[in-house]
Amino acid sequence: MTALQPEGLSIQPRRIDFALPDVLPRHWHGADAFKTHFFNSMSILFPDGERFFIDSVRHYRPQIHDPEQLALIKGFIGQEGHHSHEHIEYNRRLSDLGYDVEKLTRPVQHRIRYANKHFSPERRLAATVAMEHFTAIMADAVLRDRGWFDGAIEPMQRIWRWHALEETEHKAVAFDVYMQVCGDRKLLRAAMRQSTFFFLKDVTRGMWHMLRRDGELSNITMWRQGMRWLWGKGGFFSSLWGAYRDFYREDFHPWQHDNQRLMRQCQQEFTVNETPASI
Ligand SMILES: [Fe+2]
Ligand SMILES: [Fe+2]
């Protein structure tokens, strides 16, 4: 446990009915194909990715004896399991719209199988820590500025905000376990470089597939506006650069990015169910 951990932090999965429409509007994000498929591509990665995160942390649970930390691990597993479940529902709607979700998840599943077979548990946990940082800094952006979802349909705004909130709550769980059982910063940095590469590759591949199915690949205006929204000055990714780079520091800890106030504000929006999801 670290002194940076917010006081009294408890991590519990929330059961929420997002009431996703049975048929998802093809471009649910303000009729913008680029933004819609950017978030859709991430959703497609979540179920397999989150199962991998759970497994890599659960592997070390027997080595952790602090009851407080064990409770946080339990919360982390519950939240990620529940995210997986909701994103499977979300992704089923993408399949219904004619996108080949199965094809898009195949390389991810293959990579995870490879990692489970050939990587050490430390390396798998390092990859989890790296991806958790990625999700935490994106989550911070989503909580900080509702503008990223301007024009999106209400249930989608809610599902992404809920996910962002819980990613924030558990952002240090895998990190703290890693520092206790391994702590190798070099391995962590290597994992981050590798995870960044594959994350960007997978998101790009997903977007390309869905935009092609929509016949939007040659829409120059969409590309120009979308790339500016993502990579331009103050863009979704470009604004994350400083927080991303901090991960490579020797003394980095996720709660050095102290966004507890933001987290507490957002907690008011969502109520925690009394029965945590069992995983
Ligand atoms: Fe998650
Ligand atoms: Fe997470």
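Presented here is a report on the structure given in the accompanying data block. Treat the numbers as computed from the prediction; the structure is a model and nothing was measured. (Residues numbered from 1 in each chain as written. Chains lettered and ligands numbered in written order. Predicted model: local features only at pLDDT ≥ 70, side-chain atom pairs only at ≥ 80, totals over all residues. Heavy atoms only, no water.)

Focus on helix 1 (residues 33-58)
Point 1. Taking 1.5 Å of rise per residue, 26 residues should cover 38 Å, and helix 1 covers 38 Å from first to last C-alpha, within 8% of that figure.
Point 2. Phe46 marks where helix 1 bends most, by close to 40°; the proline Pro47 follows one to four residues later.
Point 3. When you tally the buried positions in helix 1, you get 23 out of 26 residues, the bulk of the element.
Point 4. Its side-chain oxygen at 3.0 Å from the backbone nitrogen of Phe34, Asp32 defines the N-terminal cap of helix 1. (Helix = DSSP H or I, 4+ residues; strand = E, 2+ residues; numbered from the N terminus. Expected span 1.5 Å × (residues − 1). Bend = angle between axes of the 7 residues up to and from the residue. Buried < 20%, exposed > 50% of the residue type's maximum accessible area, 1.4 Å probe, protein only. Polar contact = N/O pair within 3.5 Å; in protein donor to acceptor, adjacent residues only side chain to side chain.)

Some words on the packing of aromatic side chains
Point 1. The tally for this structure, following the rule as stated, stands at 31 aromatic pairs.
Point 2. Ring geometry for Trp208 against Trp223: centres 6.0 Å apart, planes inclined by 40°, an arrangement best described as tilted. Taken together, the positions of Trp208 in helix 7 (residues 185-213) and Trp223 in helix 8 (residues 220-231) put the pair 15 residues apart, joining distant regions of the chain.
Point 3. Accessibility expressed as a relative area gives 43% for Trp208, which makes it partly exposed.
Point 4. One Lys or Arg, Arg123, reaches over the ring of Phe119 and ends 3.7 Å from the middle of that ring. (Phe/Tyr/Trp six-rings, centres within 6.5 Å; stacked < 30°, edge-to-face > 60°. Lys NZ or Arg CZ within 6 Å of the ring centre and 35° of its normal.)

Describing the nonpolar core
Point 1. If you look at the biggest cluster of nonpolar residues, it comprises 84 residues, and the most contacted ones within it are Phe38, Tyr90, Trp160 and Phe236.
Point 2. No other element matches helix 4 (residues 121-144), which puts 13 residues into this core.
Point 3. Beyond its immediate chain neighbours, meaning those up to four positions away, Phe236 contacts Phe38, Met138, Ala141, Val142, Trp148, Trp229 and Leu230. (Core = buried A, V, L, I, M, F, W, Y, C linked by side-chain atoms within 4.5 Å. Contact = heavy atoms within 4.5 Å.)

Regarding the coordination of the iron ion (ligand 2)
For a metal with four tetrahedral donors the ideal donor-metal-donor angle is 109.5 degrees, whereas six octahedral donors ideally subtend 90 or 180 degrees.
Point 1. Protein coordination at the iron ion (ligand 2): the donors are Glu80 (OE), Glu132 (OE), Glu132 (OE), Glu167 (OE), Glu167 (OE) and His170 (NE2), at 2.0 to 2.8 Å from the metal.
Point 2. The site at the iron ion (ligand 2) holds six donor atoms, and with the angles between them running 51 to 154°, its shape is irregular.
Point 3. Counting along the primary sequence, the residues that act as donors to the iron ion (ligand 2) give the motif E-x51-E-x34-E-x2-H.
Point 4. Between the iron ion (ligand 2) and the iron ion (ligand 1) the interatomic distance comes to 3.9 Å, and Glu80 is a ligand of both metals. On the criterion of sequence distance, the pair formed by Glu80 in helix 2 (residues 67-96) and Glu167 in helix 5 (residues 154-169) is long-range, its members being 87 residues apart. (Donors = N, O, S within 2.8 Å, 3.2 Å for Na, K, Ca; no water. Tetrahedral: all angles 85-135°; square planar, octahedral: opposite > 155°, others 65-115°.)

Some words on the pattern of salt bridges
Close approach of charged atoms allows side chains of opposite charge to pair.
Point 1. One pass over the full model with this rule turns up 16 salt bridges.
Point 2. In this structure, Arg249 and Asp246 form a salt bridge, with 3.3 Å as the shortest nitrogen-oxygen distance.
Point 3. Judged by relative accessible area, Arg249 falls into the partly exposed class, the value being 34%.
Point 4. Through salt bridges that share partners, Asp22, Glu89, Arg92, Arg93 and Asp96 make up one connected network. (Salt bridge = Lys/Arg side-chain N within 4 Å of Asp/Glu carboxyl O.)

Looking at unusual backbone geometry
Point 1. Despite not being glycine, Ala19 shows a phi value in the positive range, around 50°.
Point 2. Secondary-structure assignment places Ala19 in the segment before helix 1.
Point 3. A relative accessible area of 51% means that Ala19 is categorised as exposed.
Point 4. Of note, Ala31 is a non-glycine position whose phi angle comes to about 60°, a positive value.
Point 5. Residue position: Ala31 is located in the segment before helix 1.
Point 6. We classify Ala31 as exposed; its relative accessible area is 65%.

Remarks on the coordination of the iron ion (ligand 1)
Point 1. Within the protein, Glu50 (OE), Glu80 (OE), His83 (ND1), His163 (NE2) and Glu167 (OE) serve as the donor atoms for the iron ion (ligand 1), at 2.0 to 2.3 Å.
Point 2. Along the chain, the residues that donate to the iron ion (ligand 1) are spaced as E-x29-E-x2-H-x79-H-x3-E.

Some remarks on the environment of Gln5
Point 1. Position of Gln5 among the secondary structure elements: in the segment before helix 1.
Point 2. Relative accessible area serves as the criterion here: at 12%, Gln5 is assigned to the buried category.
Point 3. The residues touching Gln5, leaving out its near neighbours within four places in the chain, are Leu72, Ala172, Asp176 and Trp255.

Remarks on the packing of helix 1 against helix 7
Point 1. Here helix 1 crosses helix 7 at 125°, and the two axes come no closer than 8 Å. When the interaxial angle is binned, helix 1 and helix 7 end up oblique. Note that helix 1 runs across helix 7; the crossing there is right-handed. Here Ala33, Phe34, His37, Phe38, Asn40, Ser41, Met42, Ile44 and Leu45 of helix 1 come into contact with helix 7, specifically with Phe199, Asp202, Val203, Gly206, Met207, Met210 and Leu211.
Point 2. Among the residues making up the contact of helix 1 with helix 7, the classes are represented as 11 nonpolar, four polar and one charged. (Axes fitted to C-alpha atoms, helices over the stretch in contact; angles between N-to-C directions. Parallel < 35°, antiparallel > 145°, perpendicular 65-115°, else oblique. Left-handed = near helix turned anticlockwise from the far one by under 90°. Nonpolar A, V, L, I, M, F, W, Y, C, P; charged D, E, K, R; others polar.)

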